[in-house]
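# Working through the structure, step by step
Listed below are the residues making up each chain.
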Amino acid sequence: MRRETQLDRRRFLKKGVALAGLATGAPVVGASRAEAAAAAVDLNATEQVLYGQRSRFVTTTRVIEGSSHRDIAPPRPNPYRPSARTPLGESVGIITPTSLHFTTQHNYGIPDINPAEHKLMIHGLVDRPLVFTVDELKRFPSVSRIHFLECVGNRPAPGGKTVSDTHGRMACSEWTGVPLSVLLREAGIKNSATWLIAEGSDGGKHEKSVPLAKALDDVLVAYGQNGEPVRPDHGFPLRLIVPGFEGIYNVKWLRRLKLVDQAYVTFQEHSRFIGSNPRTQPDSYAFGPSSVITFPSGSQRLSGRGQHVISGLAWSGGGEVKRVDVSVDGGKTYQEARLTGAVLPKAHTRFELVWRWEGEEAVLQSRCTDVKGQVQPTEAEYAKYWGFARQQLYTTIQSQLGHCNWIMPWKVNRDGSVTNGLPPVGAVVDVHG
Ligand SMILES: Nc1nc2c(c(=O)[nH]1)N[C@H]1C(S)=C(S)[C@@H](COP(=O)(O)O)O[C@H]1N2
Ligand SMILES: [Mo]
């Protein structure tokens with residue numbers, strides 16, 4: 001009883017704060033971040049023991065997406081909830097804390113699903129259509145795998161001030177669930193089935209076509225993320241995990257899988273993915289090798305001359321990262337970096353290179369080679385390969401280019417400040433694919 005009263009009171013107080021913010025026109029988000037830092041919580045209170053939280057001196061937050069979503073013409077879907085990027089510049093190791101994991105929803109808000117009422121249906125070209133509750137899925141043997149999740153809207157562009165701007169539509173989690181192949185075998189796959197259509201429960205009924213061969217390879221129906229139930233932001237209670245493929249395949253709030261005999265051109269696909277260069281399309285779903293330096297990266301500053309550790313993340317949809325090379329002279333020469341921890345297929349891999357800085361100008365960049373021998377291209381190599389002029393890389397919607405995995409240079413200036421090392425371009429079109 002007493003607990004309930006306290007909770008209600010707290011909820012009421014929070015509402016009060018938000019309303020006060022609106023009334024004065026104060027930026028609620030910024031204010032709450034500063035407030036959180038200032039407010040001294042009693043770390044010894046029972047509440048803190050029940051559910052842990054970080055130090056009030058740690059104030060890193062996700063980065064709310066800018067105008068590309070707000071520009072959508074009215075009438076806009078309701079509720080409207082912005083997407084947000086991962087603050088990669090402050091990351092360590094390979095796991096993204098779930099609270100900082102980027103989040104994308106195509107403007108339809110987040111459904112508030114009661115897991116006891118949620119069901120997943122498998123139908124179409126199967127012998128036995130099946131419906132599973134979440135509890136029934138948990139009766140199958142589970143697997144846990146660490147995988148990166150990247151939105152095809154990620155693109156290293158000259159305008160990006162920080163590594164969140166250039167690569168923040170990306171994160172890495174441990175996912176726990178049931179291999180989709182197990183569920184499909186339960187249903188019995190008809191010979192004519194070649195694709196499946198995965199559907200979410202959000203207002204936009206997000207749908208994506210997935211090749212059946214991929215579904216039978218390493219796709220998961222996940223209910224766990226980083227040791228706890230998948231959170232509402234990321235698909236509670238069930239989401240599809242399609243390792244190494246574009247983020248859009250990883251359908252959240254998953255409720256339906258229909259086996260079919262051809263790919264469907266679903267709403268999200270036809271509205272964003274069909275571009276003028278047919279060469280880029282068929283290859284676009286499995287990500288190539290990529291990497292980015294997270295320290296020192298844009299808007300950060302070297303604290304002084306002497307030893308620094310260049311640190312970054314590498315990943316590939318093709319499997320494990322085999323090696324990462326780092327250049328401190330804009331790509332003239334490279335040195336092999338050290339991989340600092342686990343090297344897992346289709347997962348972030350952390351690399352480091354110890355470097356002495358004596359106050360000179362330097363251009364730092366990294367290059368990933370994956371287990372298939374694929375090498376991350378430079379911007380010029382990428383443009384040449386796909387037949388684009390440089391400007392087209394930044395005036396074409398990212399999802400129509402495919403994986404924008406070109407090498408990202410960061411420029412260290414004489415005062416230790418770090419800025420974007422890509423030469424400027426004119427207009428940049430940014431669409432969160
Ligand atoms: N149901 C549903 N699933 C979805 C989306 C969505 O809008 N609705 N967005 C997709 C896109 S484009 C991306 S990049 C990833 C983002 O996953 P996250 O929000 O967990 O980071 O979810 C995908 N799955
Ligand atoms: Mo995405």
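This structure is a prediction, so every number in the text was calculated from the model and none was measured. (Residues numbered from 1 in each chain as written. Chains lettered and ligands numbered in written order. Predicted model: local features only at pLDDT ≥ 70, side-chain atom pairs only at ≥ 80, totals over all residues. Heavy atoms only, no water.)

Core analysis: the biggest nonpolar cluster contains 39 residues, and Trp355, Trp406 and Val412 have the highest contact counts within it. Among the secondary structure elements, those contributing two or more residues to this core are strand S13 (289-295), strand S14 (306-316), strand S15 (321-327), strand S18 (349-357), strand S19 (362-370), helix H10 (379-386), helix H11 (392-395) and strand S20 (410-412). Counting residues domain by domain, this core receives three or more from each of domain 2 (119-275) and domain 3 (290-420). Setting aside its immediate chain neighbours within four residues, tryptophan 406 contacts Arg155, Pro156, Gln376, Pro377, Thr378, Glu379, Tyr382, Leu393, Tyr394, Leu401 and Leu422. If you look at the next biggest cluster of nonpolar residues, it comprises 31 residues, including Phe140, Leu183, Leu196 and Leu257. (Core = buried A, V, L, I, M, F, W, Y, C linked by side-chain atoms within 4.5 Å. Buried < 20%, exposed > 50% of the residue type's maximum accessible area, 1.4 Å probe, protein only. Helix = DSSP H or I, 4+ residues; strand = E, 2+ residues; numbered from the N terminus. Domains from an automatic or database assignment. Contact = heavy atoms within 4.5 Å.)

Here we come to the side chain of histidine 348. Examined against the element boundaries, histidine 348 turns out to sit in the loop between strand S17 (338-339) and S18. Once residues within four sequence positions are removed from consideration, histidine 348 is found in contact with Ile94, Phe148, Met170, Ala171, Cys172, Leu313, Ala314 and Trp315.

Our next topic: the environment of valine 134. As for its position among the elements, valine 134 is in helix H5 (residues 134-137). When its relative accessible area of 6% is taken as the criterion, valine 134 is described as buried. Along the backbone, valine 134 and leucine 120 are 14 residues apart, and their C-alpha atoms lie at a distance of 7.9 Å. Excluding its chain neighbours within four sequence positions, the residues that come into contact with valine 134 are Pro115, His118, Pro237 and Leu238.

Close to ligand 1 lie 20 residues, the nearest being Phe102, Asp202, His234, Arg239 and Lys252. Between an oxygen atom of ligand 1 and a side-chain N or O atom of histidine 101, the distance comes to 3.3 Å. A distance of 2.7 Å separates an oxygen atom of ligand 1 from a polar atom in the side chain of histidine 234. Contact with the protein chains hides 100% of the accessible area of ligand 1, taken as 530 Å² for the molecule alone. Grouping the amino acids of the shell around ligand 1 by side-chain chemistry returns 6 nonpolar, 10 polar and 4 charged. (Near = heavy atom within 4 Å. Polar contact = N/O pair within 3.5 Å; in protein donor to acceptor, adjacent residues only side chain to side chain. Areas by Shrake-Rupley, 256 points an atom, 1.4 Å probe, with all protein chains shown as cover. Nonpolar A, V, L, I, M, F, W, Y, C, P; charged D, E, K, R; others polar.)

Within H10 the residues assigned to the buried category are Glu379, Tyr382, Ala383 and Trp386. Buried residues of H10, seen end-on, are gathered within an arc of 95° and therefore sit on one face of the element. Away from the buried face of H10 by more than 90 degrees, exposed residues Ala380, Lys384 and Tyr385 are located. The inward-facing, buried residues of H10 abut H11 and helix H12 (398-401). Glycine 387 sits one or two positions beyond H10 and adopts a positive phi of about 75°. (Arc of directions from axis to C-beta.)

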